[in-house]
Each structure stands twice: as C-alpha cells, then as structure tokens.
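Single-letter residue listing:
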Amino acid sequence: ILKIQELKLMKKTFIFAILILAAVILGALLGAASKDIEPLAWLAYSKGFSLDSLSIDLSILSIDFGCALKVNVAQLLLILAALAIYPKASKAIGD
C-alpha cells in the first residue's frame, strides 16, 4: 500500500512531467509558426547536437543506435516558464 507521502511525490512528479512536456510541444509549435514572421523569427532559432549512430550487424539482425536533440528559443523560454509555474501549480492541485 502506498503511503500518503509517496502519493504526493508521485502527483508532484506527474505535474512536473506534464508541464515540461507541454512546454516542449508548445515551444516547438510556436517556433515553427513564428519562423516566417519577421519580428518573431528569433523564437525559431535553434541549435542541435547529435551523437553518431552506433551500428551492430549480426548478419541476420542489424541495429542502429543514435541520439539527436534540437531545441529552439521558444522551447527554452516555455521550459523556464514551466519551471517557474511548477511550485504554484503543485500547491494549487493539492500538496
């Protein structure tokens, strides 16, 4: 049986994950929508990095592993906003 403290921690973690996920998705949409609007084009500026893929070939099975991350300014701003909102949101939903 989960204790009350464990349930509160799970709820806070869930709220945090939802806020960050929403910030990333909305930031991507905002960046894509603003790239053609000259005064807001800076929101679409992005940088990315990737790790080269690792290939494993076992003659009957070939596996490729790789990782790429691309973040734009709108996503960064919304992630910072989500981090600022999180303490208030977790208290409002129930501490």
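Sequence positions are assigned chain by chain, starting from 1 and proceeding in written order. pLDDT decides what is reported in this predicted model: residues at 70 or higher carry local features, side-chain atom pairs at 80 or more are listed and counted, and totals for whole chains, interfaces and linings draw on all residues regardless. Water and hydrogen atoms play no part in the side-chain values, which are based on all heavy atoms of the structure.

**Concerning a nonpolar patch on the surface**
Together, Phe16, Ile37, Leu40, Trp42, Leu77, Leu80 and Leu83 give the surface a local cluster of nonpolar side chains, amounting to about 660 Å² of exposed area. By definition, any uninterrupted DSSP run of H or I lasting at least four residues is a helix, any uninterrupted run of E lasting at least two residues is a strand, and each is numbered from the N terminus. With three residues, helix H2 (residues 73–93) is the largest single contributor of residues to the nonpolar patch. Within the secondary structure, tryptophan 42 sits in the loop between helix H1 (4–34) and strand E1 (46–57). The class for tryptophan 42 is partly exposed, based on a relative accessible area of 48%. Each patch is assembled from residues with relative accessible area greater than 30% and no salt bridge, linking like charges that lie within 9 Å and nonpolar side chains (Val, Leu, Ile, Met, Phe, Trp, Tyr) that lie within 5 Å. To measure how exposed things are, a 1.4 Å probe is used in the Shrake-Rupley method; for residues, cover is taken only from the protein chains shown. When a carboxyl oxygen of Asp or Glu lies within 4 Å of a side-chain nitrogen of Lys or Arg, that pair is called a salt bridge. Residue burial is assigned from relative accessible area. The probe radius is 1.4 Å, only protein chains are included, and a residue is buried under 20% of its type maximum, exposed over 50%, and partly exposed in between.

**Points about the environment of lysine 8**
Relative to the assigned elements, lysine 8 resides in helix H1. Distance in space between the C-alpha atoms of lysine 8 and alanine 68 is 34 Å, their sequence separation being 60 residues.

**Regarding the packing of H1 against H2**
Whenever a helix is involved, its axis is fitted only over the stretch in contact; in every case the axis is a line through C-alpha atoms, and angles between N-to-C directions fall within 0 to 180 degrees. Between H1 and H2, the least distance of the axes is 8 Å, while the angle of their chain directions is 150 degrees. By the angle class used here, H1 and H2 are roughly antiparallel. Our pair here, H1 against H2, has a crossing hand that is right-handed. In terms of residue class, the contact of H1 with H2 is made up of 17 nonpolar, four polar and two charged. In this scheme, roughly parallel covers angles under 35 degrees and roughly antiparallel covers those over 145, while 65 to 115 is roughly perpendicular and the rest are oblique. In this scheme the crossing of two helices becomes right-handed for a clockwise turn of the near helix relative to the far one and left-handed for an anticlockwise turn of less than a right angle. Here the nonpolar group is Ala, Val, Leu, Ile, Met, Phe, Trp, Tyr, Cys and Pro; Asp, Glu, Lys and Arg are the charged ones; every other residue, Gly included, is treated as polar.

**Comments concerning the pairing of strand E2 (residues 62–72)**
When DSSP finds two or more bridges between two strands, those strands count as paired. Note that E1 and E2 share 10 bridges and pair antiparallel. Within E2, the residue paired with serine 46 across the bridge is asparagine 72. Linking two consecutive strands that pair antiparallel, namely E1 and E2, is a turn of four residues; a positive phi of about 65 degrees is found at serine 59 within it.

**As for the environment of glycine 48**
Its location among the elements puts glycine 48 in strand E1. Owing to a relative accessible area of 54%, glycine 48 belongs among the exposed residues under this scheme. Spatially, the C-alpha atom of glycine 48 lies 16 Å from that of isoleucine 79, the residues being 31 residues apart in sequence. Only heavy atoms enter the contact rule, under which two residues are in contact if any of them lie within 4.5 Å. With residues up to four places along the chain from it excluded, the contact list for glycine 48 reads Leu69 and Lys70.

**Remarks on H1**
The span expected for a helix works out to 1.5 Å for each residue beyond the first. Over its 31 residues, H1 runs 44 Å from end to end, which matches the ideal 45 Å to within 8%, given 1.5 Å per residue. All of the buried residues along H1 are Ile15, Ala23, Gly27, Gly31 and Ser34.

**Remarks on the environment of threonine 13**
Positionally, threonine 13 belongs in helix H1. On the basis of relative accessible area, threonine 13 is assigned to the partly exposed category, the value being 46%. Taking the C-alpha atoms as reference points, threonine 13 and lysine 70, 57 residues apart in sequence, are found 24 Å from one another. A distance of 2.8 Å separates the side chain of threonine 13 from the backbone oxygen of leucine 9, its partner in a polar contact. The term polar contact refers here to a pair of N or O atoms within 3.5 Å; inside protein, the definition further demands a hydrogen-donor-capable atom paired with an acceptor-capable atom, and it admits residues adjacent in sequence only when both atoms are side-chain atoms.

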